[in-house]
Amino acid sequence: MDGLILLLPLMIPLAAAALTAMLWRSVRAQRAVGVAAAVALLVAAVTLLVRVLDGGVVASQMGDWRAPFGITFVADRFAAIMVVIAATMALATTVYGLAHDALDRERAGFHPLFHGLILGVIGSFLTGDLFNLYVWFEVMLIASFGLLILGGSREQIDGALKYAVLNLVGTTVFLIGVGFLYGITGTLNMADLAGKVPLAENRGLVSATAVMLLAAFGLKAAVFPLFFWLPASYHTAPPPVAAIFAALLTKVGVYAMIRVFTLVYGGAAEWVGPVVAVLAALTMLTGVLGAAAHYDIRRILAFHIISQIGFMLLGLAVWTPLALGGAVLYIVHHIVVKANLFLIAGAIERAGGSYQLKDLGGLSRSQPLLAVLFLIPALSLAGIPPLSGFWGKLTVIRAGLEQGHAWLAGVALLVGLLTLYSMIKIWNYAFWKEPPEGAPAVSGLTGRTRLLMLAPITALAAVTLTISLWAEPFVAVSLEAAAELLSPTAYIAAVLGSPAPGPTVLGALP
Amino acid sequence: MEPLLAIAFGVILAASAYLILSRNVLRMVLGLILLGNAANLSIFLSGRLVGPTPPIVAAGIDALVAGAANPLPQALILTAIVIGFAFVSFVLVLVHRAYGALGTLDTEAMREAEPAHEPPQPTPVTSPAPRKEAA
């Protein structure tokens, strides 16, 4: 039963991808399957989270091969939280996508690719095997390539080429690191690695693999100085695709980084903390300064993803339960808020006819509801109390100060201020100022489109407000997740310690 | 044999790094192919070169015979080759499309998504927009 609960969040997007591919000719049927699958996925994900919160770590061995030999899937609190939040984003963007009456895009395979992407993301969260993580990364990557070039404009092809090449270099470096780690320890199971990496004699080689994995996950997460693919490509994708990319892809890199450096390397690579601290500070600053220089809403938001990744890395840099708990809370907050801002950018484009701030204006009067809905995630992103970003930043910064990283806390606060600057910039130009001369008077945000676009935006804003005003349980679960990450005995016991059946011995053929 | 393969791994990695740093997209793709091969070679090497005997457990025996090859790296490399093949095919088609759409293979000249000259900045908002008095 536990195995089913653990694997349903994988089976649902897999089935949906296959089914929508079979229903290639009927876009209507694909949409119906897509919505049904997204709802089912959210139910399955919440079931998994409830099971993990009640009964601890869940693990399942594929094909009943005992743990270090077969492929393991495992969910602890952190993984289950990420699965729930990914499922929420999948549902929100699926509904939002219905409003984007881009039939040519849907005919070109939007739905199978979208579910393939979700499959890759959730697989990365649930796998307990390092090589399997590489495979899920590739599943996610190939789906994201497809989604990025749907439509095939010149801009998209240019962005996709840079995205593809840099990400392929990243995953190949990851693969080399995995190969080396296997060479040192003879295992690929992460729980098994946790026991064997500290015993390895060649410490230099262990550090070398740690550097390779740090670089590979850093590239995935758009960490300074490996972030160039992100601002080159994200703004070229259509709004639902950009929203799901912004919500999930970089966060898979952060997740893998936290998972590998807490579980596999544990305390075995002490240099990681200070290195990640410097990287986090530079990532925050570059992202926020890049955003300040731009006047296209999507490009501003894309640069802010980079800056926020720095906050999540602070948890890894400071390395205390409070800091990691803050990082987990920050990831949850950030995914909801950032996806919502990209969805709102799409709605702004629909209402005002452009993504360029110079062509927009007057939306606070023509779209008052959209204006309010923009302010919730925007102010939350900047960390204005009592919104959700404030709680995440408070936790992370307080943990930093407790450990004497005053300069890191200072950088984080400065970045918060500059984030507010960018959000106010969008507010002033798009919502507050008069519409420019000759702007299209007709708004495309009406009727059914308006409903389908604003419903997921409102729902995500409600999630943000819930985390904001009822923060206590979210903070508590994040801290529990962090405690589990820092002392992964339960995780290791769930994967390796369960009384496994002996290997099946095949008899001789008659 | 191991030192020889290790040196080959290093040489291939260096060549791929050189090619990937090129401004020509086609050379970058060749670099990616080499990088994938280097990764496969490193996995093969990590599994130790034990012997040429196929890793098949014969009937009536419980374990592999001594000197049998390590089957795990072969399974990993096979997976990686298939994935790498798919990606290289995709990127090649993408490069072909990019050449058709953008008319160049020089990465410096590919500025569609990030134009060298940004659109002009909007006029600064100095004060809240004045409310238009209702007539």
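- The name given to chain B in an unreviewed UniProt entry is Na+/H+ antiporter subunit C, and the organism recorded there is Azospirillum oleiclasticum.
- Listed in UniProt under the heading Subcellular location (unreviewed entry), the comment for chain B reads: "Cell membrane".
- Looking at the Sequence similarities (unreviewed entry) heading of the UniProt record, one finds this comment for chain B: "Belongs to the CPA3 antiporters (TC 2.A.63) subunit C family."

- Under an unreviewed UniProt entry, chain A has the name Na+/H+ antiporter subunit D and belongs to Azospirillum oleiclasticum.
- You can read under Sequence similarities (unreviewed entry) in the UniProt record for chain A the words "Belongs to the CPA3 antiporters (TC 2.A.63) subunit D family."

**Thoughts on the UniProt feature "transmembrane region" (unreviewed entry) in chain B**
(1) Moving on: Following the UniProt record, the feature "transmembrane region" (unreviewed entry) maps to residues 6-21, 28-45 and 75-95 of chain B here.
(2) Moving on: Helix makes up 100% of residues 28-45 of chain B and strand makes up 0%, while its end C-alpha atoms are separated by 25 Å.

**Some details on helix α9 (residues 203-220) of chain A**
Residues and elements named next belong to chain A.
(1) Moving on: For α9, built from 18 residues, the straight-helix expectation of 26 Å at 1.5 Å per residue is met to within 8% by its first-to-last C-alpha distance of 26 Å.
(2) Moving on: Three or more residues of α9 are buried, namely V206, T209, A210, M212, L213, L214, A216, F217, G218, L219 and K220.
(3) Moving on: Against α6 (130-149), α7 (154-185), α10 (229-233), α11 (239-264) and α12 (272-292) lie the buried residues of α9.
(4) Moving on: Positive phi shows up at A222, right after α9, with a value of about 60°.

**Describing the packing of aromatic side chains**
(1) Moving on: Across all of its chains, the model carries 26 aromatic pairs over all chains by this definition.
(2) Moving on: Note on Y295 of chain A and Y429 of chain A: the rings are 6.3 Å apart at their centroids and 65° apart in plane angle, and the pair reads as edge-to-face. Taken together, the positions of Y295 of chain A in the loop between α12 and α13 (297-318) and Y429 of chain A in helix α18 (residues 406-432) put the pair 134 residues apart, joining distant regions of the chain.
(3) Moving on: Take Y295 of chain A: its relative accessible area is 16%, and that puts it in the buried class.
(4) Moving on: Taken together through their ring pairs, the aromatic side chains of F145, Y163, W229, Y234 and F245 of chain A together with F87 and F90 of chain B make up a single cluster.
(5) Moving on: Positioned above the aromatic ring of F137 of chain A, the side-chain terminus of K220 of chain A is 5.6 Å from the ring centre.

**Side note on the nonpolar core**
Residue and element names in this part refer to chain A.
(1) Moving on: Grouped together as the largest cluster of nonpolar side chains are 217 residues, with contacts concentrated most on L126, L130, F174, Y234 and Y265.
(2) Moving on: If you tally residues by element for this core, the top one is α11, at 19 residues.
(3) Moving on: Once you skip the residues sitting within four places of it in the chain, F174 turns out to touch L130, L133, Y134, F137, L213, A216 and F217.

**Notes on the confidence of the model for chain A**
(1) Moving on: The pLDDT averaged across chain A works out to 89; a share of 95% of its residues lies at or above 70.
(2) Moving on: Across residues 499-510 of chain A the pLDDT falls below 50, and counting only partners more than four positions away or on other chains, this stretch makes 4 contacts in the model.

**Comments concerning the layout of surface pockets**
Empty space among the atoms becomes apparent when a probe as large as a water molecule is rolled across them.
(1) Moving on: Roughly 860 Å³ of volume is contained in the largest pocket.
(2) Moving on: As for the largest pocket, its lining consists of 30 residues, of which V165 and L166 of chain A together with I20, L21 and M28 of chain B are closest to the centre.
(3) Moving on: Of all the secondary structure elements, the ones that give two or more residues to the lining of the largest pocket are α7 and α9 of chain A together with α1 (2-20) and α2 (25-46) of chain B.
(4) Moving on: Broken down by element, the lining of the largest pocket gets its largest block of residues, 8 residues, from α7 of chain A.
(5) Moving on: Among the residues forming the lining of the largest pocket, the class breakdown is 21 nonpolar, 4 polar and 5 charged.

**Focus on empty space enclosed by the protein**
Residues and elements named next belong to chain A.
(1) Moving on: By the definition in use, this model includes 4 cavities of 30 Å³ or more.
(2) Moving on: Considering only enclosed or pocket space, the largest cavity measures out at about 60 Å³ in volume.
(3) Moving on: Forming the walls of the largest cavity are M140, L141, S144, Y163, N167, K220, W229 and L249.
(4) Moving on: Elements represented by at least two residues in the lining of the largest cavity include exactly α6 and α7.
(5) Moving on: Broken down by element, the residue count for the lining of the largest cavity peaks at 3 residues, all from α6.
(6) Moving on: Looking at the lining of the largest cavity residue by residue, the class counts come to 5 nonpolar, 2 polar and 1 charged.

**A look at the interface of chain A and chain B**
(1) Moving on: Every contact between the two is made by 47 residues of chain A and, on the other side, 51 residues of chain B.
(2) Moving on: Taken over both partners, the interface formed by chain A and chain B buries close to 4300 Å², and the fraction arising from carbon and sulfur atoms is 73%.
(3) Moving on: For the pair chain A and chain B, the number of links is 1 salt bridge.
(4) Moving on: Here R299 of chain A ties to E114 of chain B by a salt bridge, and the two come within 3.5 Å at their closest N and O atoms.
(5) Moving on: Our enumeration of links across chain A and chain B arrives at 7 residue pairs in polar contact (both at pLDDT 80 or more).
(6) Moving on: Those elements that place two or more of their residues in the side of chain A that touches chain B are α6, α7, α10 and α18 of chain A.
(7) Moving on: The residue makeup of the side of chain A that touches chain B, split by class, is 26 nonpolar, 11 polar and 10 charged.

**A closer look at the pattern of salt bridges**
(1) Moving on: Tallied over the full model, the rule gives 12 salt bridges over all chains.
(2) Moving on: Taking the shortest distance from any N to any O, the salt bridge between R23 of chain B and D106 of chain B comes out at 2.9 Å. Pair noted here: R23 of chain B is in the loop between α1 and α2 and D106 of chain B is in the segment after α3 (71-102), with a separation of 83 residues, a long-range link.
(3) Moving on: On the basis of relative accessibility, which here comes to 47%, the residue R23 of chain B falls in the partly exposed class.
(4) Moving on: Relative accessible area serves as the criterion here: at 24%, D106 of chain B is assigned to the partly exposed category.
(5) Moving on: Each of R77, E480 and E484 of chain A takes part in a single network of salt bridges with overlapping partners.

Criteria and cut-off values
Residues numbered from 1 in each chain as written. Chains lettered and ligands numbered in written order. Predicted model: local features only at pLDDT ≥ 70, side-chain atom pairs only at ≥ 80, totals over all residues. Heavy atoms only, no water. UniProt positions renumbered as here; feature names shortened; annotations may be inferred. Helix = DSSP H or I, 4+ residues; strand = E, 2+ residues; numbered from the N terminus. Expected span 1.5 Å × (residues − 1). Buried < 20%, exposed > 50% of the residue type's maximum accessible area, 1.4 Å probe, protein only. Contact = heavy atoms within 4.5 Å. Phe/Tyr/Trp six-rings, centres within 6.5 Å; stacked < 30°, edge-to-face > 60°. Lys NZ or Arg CZ within 6 Å of the ring centre and 35° of its normal. Core = buried A, V, L, I, M, F, W, Y, C linked by side-chain atoms within 4.5 Å. pLDDT = per-residue confidence, 0-100. 1 Å grid on protein atoms, 1.4 Å probe; cavity = no way out; pocket = protein on both sides within 12 Å on 5 of 7 lines; lining within 4 Å. Points joined across faces, edges and corners; volume = space filled by probe spheres on them. Nonpolar A, V, L, I, M, F, W, Y, C, P; charged D, E, K, R; others polar. Buried area = accessible area lost by both parts, 1.4 Å probe. Salt bridge = Lys/Arg side-chain N within 4 Å of Asp/Glu carboxyl O. Polar contact = N/O pair within 3.5 Å; in protein donor to acceptor, adjacent residues only side chain to side chain.

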